[in-house]
Amino acid sequence: MHQQAMLRVAVLLLVFVPRATAIVAGELEQLSPDVLTREQRGEAEGMMERQIAKHSADVNARNRAEWGKITTRREWETFRNERIERLRRSLGEYPLPPSRLNMQVTTTVEGDGFRIENTLYESRPGEWVTGNLYVPAQPTKSMPGILIAHTHHGGKRDSELQDMGMTWARSGCVVLVIDQVGYGERRSHPFHRETDYPKPYRAGRQDYYFRQDTGMQLHLLGDSLMGWMAWDLMRGVDLLLAKEGIDPQRIIILGAVAGGGDPAAVTAALDPRIACCVPFNFGGPQPETRYPLPEDAETSFNYLGGAYWESTRGLRLGGRDDFLHWVIVGSMAPRHVIHAHEFSWDQERDPVWKRYQKIWGVFYKAPDDIGFTHGKGLLSGRPPEASHCNNIGAFHRRKIHPLFERWFGIKVSENDEYSAPRKSEELICMTDKARQELKPKSLNELMSAVAQDRISAARKRLAAKSPTERRQLLRDDWSRLLGPVAPASSPVVNSQSSDDQPVAGAKVERVVLEVEAGIVVPVVVLVPVKVNGRAPAIIGVAQKGKAGFLKERAAEVQKLVDGGAVVVLADVRGTGESRSGDTDISANLQLFGETLFGERLRDLRSVIAYLRERKDVDVNRLALWGDSLTVPNSAEANYKVPHGVDGWPQGPDPLGGLLALFGALFEDDIRAIYVAGGLLDYQSVLTHFAVLIPHGTSIPGALTVGDLADLAGGLAPRPLRLESLVDHLNRPVSVVEMEKTYAPATANYSATPQAFTITDSRSSAAAWLLEQLR
């Protein structure tokens, strides 16, 4: 859903040997970068998907085996507690809960048997949550409190949400419906109405689209969209309990279809004050799941699920740490749960329902404390045959009402359902008066402030270390965030061939490296016709692939090869000849504690290992060249653009520069590093409502260990040159801003200031690199 070009990456290995022959750049531009046959390319393009499928199968097999060993309540609770604690840690850092919730009612709306209190509460310093509180016209001394998490399609104003609020308020409940992070009155983007953009666009879908941007920003911060949503909902529980007459034993949370069930379930798992949870489409079969289920569902069912650009459905680390969705829901036992489905449900074959029956019925002897509701038809069907809804439809509520009456004494029948939707304007909570008084911070301001605190703390830790200790701390910290970055074994040459005729004075070798089981890196090696002994090597990386590197930087490559360079170009996984979608792959890998960037870094290191085995390379003289082949945006570029329309600004191509920096961090024998067109920093990504950097270069937790300037500083005293960096919106950055941002790195290079250079103009990469390796 996010608009960004499909990534390509190249690893360029350039070995310099002095010679006088000039290579014509045009010949390099015409050189075919292809290594794989058509059949091999088809296999390579799907290799990452197969890797993820294997990871998923392994997680599901492990989970089935672990579940099979649990025979007692005590064993279940040990299993449960470990996994819910892992879930809690995975969501990020939380502030301390307020000792007293800061809240106020800005306006009220009177209704037939109820009133709506348009309410604000401060979830964390400066963050005000907007919520509609539906209250009985005649409150009683003991009332259930109900909290509803809306769908990811829109905020609190939807008519189904209003129907539930009014209906249950008329029956004696207090119902809170909030705008979740990035939705409704809390949206961070400026696209509220059709008139907010000069061209046609889907105004009602922008909250839905931009949550990926918010999710990526929160991951950089070390937090998560799920974590912030759950925190706000827990503070919503605070609000309900602070209301006079609320029965603390009757706190209920419902999560709507299409993403509302996710935060509802996580919140209930983390907050024992919640007595009942109704998470739609979470834990068991999904709307996309085959119906009816197969006979072997208990062994074939995908308990883990999957991830895509949607940033709350696939919980980061969930596969690695085993807090699968069914575990999250099951952890609520013996509290009340309603297993809820938007469409038809195969109760007989649902393997998750069987697990719930064992947990509630066998372990807790409370089979009547879990229930179910479901719709009809299939996702592919149309109403009225299929029970599509925006949040939770009246059809789905028919089975909820009897359970609520039995468990909590809430008496509502189908005939009691009430619907009198109010206009959006009547439900506004953040009035102009409240805005002037409270001065609420925007989401980007909140995130930026938290980021600054975490960066400062990281820099304080780094400052206390010696250069050697600092580098090791950076390695440890980044390894924890990136996942495995060291190649598991030496690369294997699967195939190797040579072109019949030299090209531009070089023999052309085409090599397929298997860097790990099922993962291949196609490599083109240009060996000068005359090579004498071992020579220094320059390793370059660019985001648009080896073909793009040859085409766009042929003149610089020519200067290197003119001196007798051996040039090696490689496509790391998911790029070039093995290209595949970036965002979905990246999101899925995070389920297993891995990152797409970490895997590509691992491939770079494998190619370096291959280079070290060549007899024509001097391993004591290696350099990295990270470049961007994307032109920066012009001064006239418009960055106020909604999702789903033409005109989305070109994002930066930071992968080359990042791989060069990280490659040098983890490889001690890298002697010099040259970065051109790289990303200025990660912190600035939090300052704008749109995220333009690719998902695969967004590293969860990056700002908890510093920023790119601290990474650069960790490379001292090795020569490092940064040229023509761009910001998160792919805008050129002035040398003044670059120097300000990289002040921490400059401080680390104080003993060898000549080794660290910054410029906002392009120079000859070849000239600088060759000078460092003489």
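Above this text sits the structure in question.
Residues numbered from 1 in each chain as written. Predicted model: local features only at pLDDT ≥ 70, side-chain atom pairs only at ≥ 80, totals over all residues. Heavy atoms only, no water.

(A) Representation of the overall build of the protein. Secondary structure summary: the protein contains 25 helices and 19 strands in total. Taking 28 Å as the expected radius of gyration for a compact globule of 774 residues, we find that the protein reaches 29 Å, a close match to that expectation. When the backbone C-alpha atoms are referred to their principal axes, the protein occupies close to 95 × 60 × 50 Å. Across the 774 residues that make up the protein, the buried fraction comes to 62%. (Helix = DSSP H or I, 4+ residues; strand = E, 2+ residues; numbered from the N terminus. Rg over C-alpha atoms; globule rule 2.2 N^0.38 Å. Buried < 20%, exposed > 50% of the residue type's maximum accessible area, 1.4 Å probe, protein only.)

(B) Expanded view of empty space enclosed by the protein. If you walk through the whole model with that rule in mind, you get four cavities of 30 Å³ or more. Estimated volume of the second largest cavity: approximately 50 Å³. Grouping the constituent residues of the lining of the second largest cavity by class yields five nonpolar, five polar and one charged. (1 Å grid on protein atoms, 1.4 Å probe; cavity = no way out; pocket = protein on both sides within 12 Å on 5 of 7 lines; lining within 4 Å. Points joined across faces, edges and corners; volume = space filled by probe spheres on them. Nonpolar A, V, L, I, M, F, W, Y, C, P; charged D, E, K, R; others polar.)

(C) Looking closely at helix H16 (residues 467–482). Over its 16 residues, H16 runs 22 Å from end to end, which matches the ideal 22 Å to within 8%, given 1.5 Å per residue. Burial in H16 covers these residues: Arg470, Arg471, Leu473, Leu474, Arg475, Asp477, Trp478, Leu481 and Leu482. Residues of H16 that are buried make contact with helix H15 (443–463), helix H20 (596–612), helix H21 (655–666), helix H22 (708–713) and helix H24 (743–748). Gly483 occupies a position one or two residues after H16 and carries a positive phi of about 85°. (Expected span 1.5 Å × (residues − 1). Contact = heavy atoms within 4.5 Å.)

(D) The sheet that holds strand E2 (residues 103–110), seen in detail. Strands sit in the order E2-E3-E4-E6-E5-E7-E8-E9-E10 across an open sheet of nine strands; the sheet is mixed. In the strand order of this sheet, the two ends are held by E2 and strand E10 (370–373), each with one partner. Neighbour-to-neighbour, the strand axes of this sheet turn through a mean angle of 20°, independent of strand direction. Here strand E9 (residues 336–340) runs beside E10; their pairing, made up of four bridges, is parallel. Across the sheet, residue Val337 finds its bridge partner in E10, namely Ile370. Of the strands in this sheet, strand E5 (143–149), strand E7 (246–255) and strand E8 (276–279) touch helix H8 (residues 261–270), which is tilted by about 145° from E7. Strands in contact with helix H13 (residues 394–408) are E5, E7, E8, E9 and E10; relative to E10, the strand with the most contacts, it is inclined by about 160°. (Pairing = 2+ DSSP bridges. Axes fitted to C-alpha atoms, helices over the stretch in contact; angles between N-to-C directions.)

(E) Examining the pairing of strand E15 (residues 566–570) more closely. Counting buried residues in E15 gives five out of five residues, a clear majority hidden from the surface. Both faces of E15 are covered, namely the face carrying Val566, Val568 and Ala570 and the face carrying Val567 and Leu569.

(F) Just the layout of surface pockets, in detail. Volume-wise, the largest pocket comes out at about 1,200 Å³. Taken together, 45 residues make up the lining of the largest pocket; nearest its centre are Asp179, Gly184, Glu185, Arg186 and Arg187. Of all the elements in the fold, those that place two or more residues in the lining of the largest pocket are strand E4 (127–136), helix H6 (206–221), helix H14 (432–438) and H15. Residue composition of the lining of the largest pocket, grouped by class: 11 nonpolar, 19 polar and 15 charged. Volume-wise, the second largest pocket comes out at about 450 Å³. Taken together, 19 residues make up the lining of the second largest pocket; nearest its centre are Arg89, Arg316, Leu317, Arg480 and Leu481. Taken together, the elements giving at least two residues each to the lining of the second largest pocket come down to helix H4 (73–90), helix H10 (318–321) and H16. Considering each element in turn, the lining of the second largest pocket owes the most residues, three residues, to H4. Considering only residue class, the lining of the second largest pocket consists of three nonpolar, eight polar and eight charged.

(G) How the structure looks around the pattern of salt bridges. If you walk through the whole model with that rule in mind, you get 59 salt bridges. Where Asp499 meets Arg510, a salt bridge forms, and the shortest distance between an N and an O atom there is 3.0 Å. With Asp499 in the loop between strand E11 (492–498) and strand E12 (506–516) and Arg510 in strand E12, this pair connects stretches of sequence that are 11 residues apart. Residue classification places Asp499 among the partly exposed residues on the basis of a relative accessible area of 27%. According to the relative accessible area criterion, Arg510 is buried, its value standing at 11%. (Salt bridge = Lys/Arg side-chain N within 4 Å of Asp/Glu carboxyl O.)

(H) Broad picture of H8. Counting buried residues along H8, 10 of its 10 residues qualify, which places the element largely inside the surrounding structure. Taken together, the buried positions of H8 are Gly261, Asp262, Pro263, Ala264, Ala265, Val266, Thr267, Ala268, Ala269 and Leu270. Of the surrounding secondary structure, the elements contacted by the buried residues of H8 are H4, E5, helix H7 (225–242), E7, E8 and helix H11 (325–330).

(I) Focus on the environment of Arg573. For Arg573, the position within the fold is in the loop between E15 and helix H19 (582–591). Taking the relative accessible area as the measure of exposure, Arg573 reaches 0% and is therefore buried. Sequence separation of Arg573 and Lys399 is 174 residues, and the distance between their C-alpha atoms is 49 Å. Sequence-distant contacts of Arg573, defined by excluding residues within four places in its chain, comprise Met47, Met48, Gln51, Val515, Glu516, Ile519, Ser578, Glu599, Arg600, Arg602 and Asp603. A polar contact is formed between the side chain of Arg573 and the side chain of Glu599, at a distance of 2.9 Å. Separated by 2.8 Å, the side chains of Arg573 and Asp603 make a polar contact. (Polar contact = N/O pair within 3.5 Å; in protein donor to acceptor, adjacent residues only side chain to side chain.)

(J) Looking closely at unusual backbone geometry. The omega angle of the peptide bond from Tyr291 to Pro292 is -5°, so this bond is cis rather than trans. For the bond from Ala716 to Pro717, the omega torsion is 5°, close enough to zero to count as cis. With respect to the helices, strands and loops of the structure, Pro717 is situated in the loop between H22 and strand E18 (720–723). Non-glycine residue Leu317 carries a positive phi angle of around 75°. The phi dihedral of Ser724 is positive, around 50°, even though this residue is not glycine. You can see Ser724 is positioned in the loop between E18 and helix H23 (735–741).

(K) Summary view of the packing of helix H3 (residues 47–69) against helix H12 (residues 351–363). For the pair H3 and H12, interaxial distance at closest approach is 12 Å and the crossing angle is 20°. Put simply, H3 runs roughly parallel to H12. For the crossing formed where H3 meets H12, the hand is left-handed. Contact with H3, carried on its side by Asn63, Arg64 and Trp67, involves Arg355, Lys358, Ile359 and Phe363 of H12 and no other residues of that element. By residue class, the composition of the contact of H3 with H12 is three nonpolar, one polar and three charged. (Parallel < 35°, antiparallel > 145°, perpendicular 65-115°, else oblique. Left-handed = near helix turned anticlockwise from the far one by under 90°.)

(L) Geometry of the packing of H7 against H8. Direction vectors running N to C along H7 and H8 enclose 65°, while the axes themselves pass 9 Å from each other. The handedness of the crossing between H7 and H8 is right-handed. Each of Met226, Met229, Ala230, Leu233 and Met234 in H7 lies in contact with H8, whose residues at this interface are Asp262, Pro263, Ala264, Val266, Thr267 and Leu270. Across the contact of H7 with H8, the residue classes tally to nine nonpolar, one polar and one charged.

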